[in-house]
Amino acid sequence: MQRTRFGDMACSIARTLDVIGEPWSPLILRNVMVGIGRFDHLQQSLGISRKVLTERLRWLVDNDVLERRQYSERPPRYEYALTVKGTELCDLLMVMVRWGDRWTAGEAGPPVLYRHHACGEIGYVELHCSVCDRPMDVTGIDILPGPGAAVTT
């Protein structure tokens, strides 16, 4: 089946989904983020087929989200690491974690806690305005055309 390409749409959400919009990619990024970067370890921890994992890793490397690093010459073996672009994409995953912890964790609570390096406390991600530093969510914004908006005549 041909994968729909959203990358040509004038929409940052669509373009992001073009890179990570199928279920395995965010899970691969999560695992690489926590230090599981070798192919066999990724395959085992996710229970993903080798074929699908190979395809997803190739896609993420081709899109500069992950980089492939050789860790053994004989036999040649590689591991995957986040690029700057991939590290920033993990911030999006942290927002997904916040939502999942709130709406899907159930009575057991969140499966993972996050300790913030700067203060040493357990916390969660919150969105803040880059200008005034106040909390920012969809109920407190206006959506305006940006310089990359599609122009229709």
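Residues numbered from 1 in each chain as written. Predicted model: local features only at pLDDT ≥ 70, side-chain atom pairs only at ≥ 80, totals over all residues. Heavy atoms only, no water.

Caption draft 1: Geometry of helix α4 (residues 50-62). Given a rise of 1.5 Å per residue, 13 residues ought to cover 18 Å, and the 18 Å separating the end C-alpha atoms of α4 matches this to within 8%. If you check which residues of α4 are buried, you get L53, R56, L57, W59 and L60. Mapping the buried residues of α4 onto a view down its axis gives an arc of 160 degrees, with all of them on the same face. Within α4, the exposed residues directed more than 90 degrees away from the buried face are K51 and D62. Phi turns positive one or two residues past the end of α4, at D64, with a value near 60 degrees. (Helix = DSSP H or I, 4+ residues; strand = E, 2+ residues; numbered from the N terminus. Expected span 1.5 Å × (residues − 1). Buried < 20%, exposed > 50% of the residue type's maximum accessible area, 1.4 Å probe, protein only. Arc of directions from axis to C-beta.)

Caption draft 2: Molecular detail of the environment of G123. Tracing the sequence through the fold places G123 in strand β4 (residues 122-123). Residue classification places G123 among the partly exposed residues on the basis of a relative accessible area of 33%. When the C-alpha atoms of G123 and L113 are compared, they prove to be 7.5 Å apart, with 10 residues separating the residues in sequence.

Caption draft 3: Local environment of the UniProt feature "domain: HTH hxlR-type" (unreviewed entry) in the chain. When the UniProt feature table is mapped onto this chain numbering, "domain: HTH hxlR-type" (unreviewed entry) sits at residues 11-108. A helix fraction of 61% and a strand fraction of 13% characterise residues 11-108, whose end C-alpha atoms lie 37 Å from each other. (UniProt positions renumbered as here; feature names shortened; annotations may be inferred.)

Caption draft 4: Representation of a nonpolar patch on the surface. Among the surface-exposed residues, V95, L127, M136, V138, I141 and I143 lie close enough to one another that they form a single nonpolar patch of about 570 Å² accessible area. For L127, the position within the fold is in the segment after β4. (Patch = residues over 30% accessible without salt bridge, like charges linked within 9 Å, V, L, I, M, F, W, Y side chains within 5 Å. Areas by Shrake-Rupley, 256 points an atom, 1.4 Å probe, with all protein chains shown as cover. Salt bridge = Lys/Arg side-chain N within 4 Å of Asp/Glu carboxyl O.)

Caption draft 5: Unusual backbone geometry, seen in detail. In this structure, the amide linkage connecting R74 to the following residue, P75, adopts the cis form with an omega of -5 degrees. Within the element layout of this structure, P75 appears in the loop between β1 (66-72) and β2 (77-82). Here the phi dihedral of D64 falls at roughly 60 degrees; this positive angle occurs in a residue that is not glycine. Inspection of the secondary structure puts D64 in the loop between α4 and β1. For D64, a relative accessible area of 45% translates into the label partly exposed. One non-glycine residue, D133, lies in positive phi territory at about 70 degrees.

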